[in-house]
Amino acid sequence: MLRSLDEKAALPFHVLLEEVDSTAWTHTLREGGFQTFEAATQWWEAHWNGEKPPLPTASPVTRLVTAIPRLSARPAPLRGPSR
């Protein structure tokens, strides 16, 4: 969650939502704008609790969605703790 430094911003509170699909190897970063801290917090709590509230757009600018290049047929194995 972020707050705008611009005192006159119409939507001073922002939530950045990152979603990764490890099967399709895609990464999506979306941004939502809110008028109050309480509204941003309520949206986040609903999202965290498994509800799927729509993320209000922060601006009319289209956000970039990128794909992670597939380097191998399967993801690298997870590393265990260092010893």
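Higher on the page you've got the structure.
The text that follows walks through the structure, step by step, so that each part is easy to find. (Residues numbered from 1 in each chain as written. Predicted model: local features only at pLDDT ≥ 70, side-chain atom pairs only at ≥ 80, totals over all residues. Heavy atoms only, no water.)

### With respect to the overall build of the protein chain
Counting secondary structure elements, the protein chain contains one helix and four strands. Listing every helix and strand of the protein chain by position from the N terminus yields β-β-β-α-β. By the burial criterion, 18% of the 83 residues in the protein chain qualify as buried. Within the protein chain, contacts between residues separated by at least 24 positions form 44% of all contacts whose residues are at least 6 apart in sequence. Per element, the accessible surface of the protein chain, about 7,100 Å² overall, is 58% carbon and sulfur. (Helix = DSSP H or I, 4+ residues; strand = E, 2+ residues; numbered from the N terminus. Buried < 20%, exposed > 50% of the residue type's maximum accessible area, 1.4 Å probe, protein only. Contact = heavy atoms within 4.5 Å. Areas by Shrake-Rupley, 256 points an atom, 1.4 Å probe, with all protein chains shown as cover.)

### Some points on the nonpolar core
With seven residues, the main nonpolar core is built from Phe13, Val15, Leu17, Phe34, Ala40, Trp43 and Leu55. Those elements that provide at least two residues to this core are strand S2 (13-21) and helix H1 (37-48). Looking at this core element by element, the count peaks at three residues for S2. Excluding residues within four positions of it along the chain, alanine 40 makes contact with Met1, Phe13, Val15 and Phe34. (Core = buried A, V, L, I, M, F, W, Y, C linked by side-chain atoms within 4.5 Å.)

### A word on a nonpolar patch on the surface
A contiguous nonpolar surface patch, about 490 Å² in accessible area, is contributed by Met1, Phe37, Trp44 and Trp48. With respect to the element layout, tryptophan 44 can be found in helix H1. (Patch = residues over 30% accessible without salt bridge, like charges linked within 9 Å, V, L, I, M, F, W, Y side chains within 5 Å. Salt bridge = Lys/Arg side-chain N within 4 Å of Asp/Glu carboxyl O.)

### Section: the packing of aromatic side chains
Taken as a whole and judged by the stated rule, the model has four aromatic pairs. Here tryptophan 43 and tryptophan 44 contribute two aromatic rings whose centre-to-centre distance is 6.2 Å and whose plane-to-plane angle is 35 degrees, an arrangement assigned as tilted. Through a chain of ring-to-ring contacts, the aromatic side chains of Phe34, Trp43, Trp44 and Trp48 assemble into a single cluster. (Phe/Tyr/Trp six-rings, centres within 6.5 Å; stacked < 30°, edge-to-face > 60°.)

### Describing H1
Between its first and last C-alpha atoms H1 spans 16 Å; for 12 residues at 1.5 Å apiece the expected length is 16 Å, and the two agree. Within H1, burial applies to Ala40, Trp43, Ala46 and His47. Down the axis, H1 shows its buried residues gathered within 130 degrees of arc, on one side only. Opposite the buried face of H1, by more than 90 degrees, sit the exposed residues Glu38, Gln42 and Trp48. Of the surrounding secondary structure, the elements contacted by the buried residues of H1 are S2 and strand S3 (26-34). (Expected span 1.5 Å × (residues − 1). Arc of directions from axis to C-beta.)

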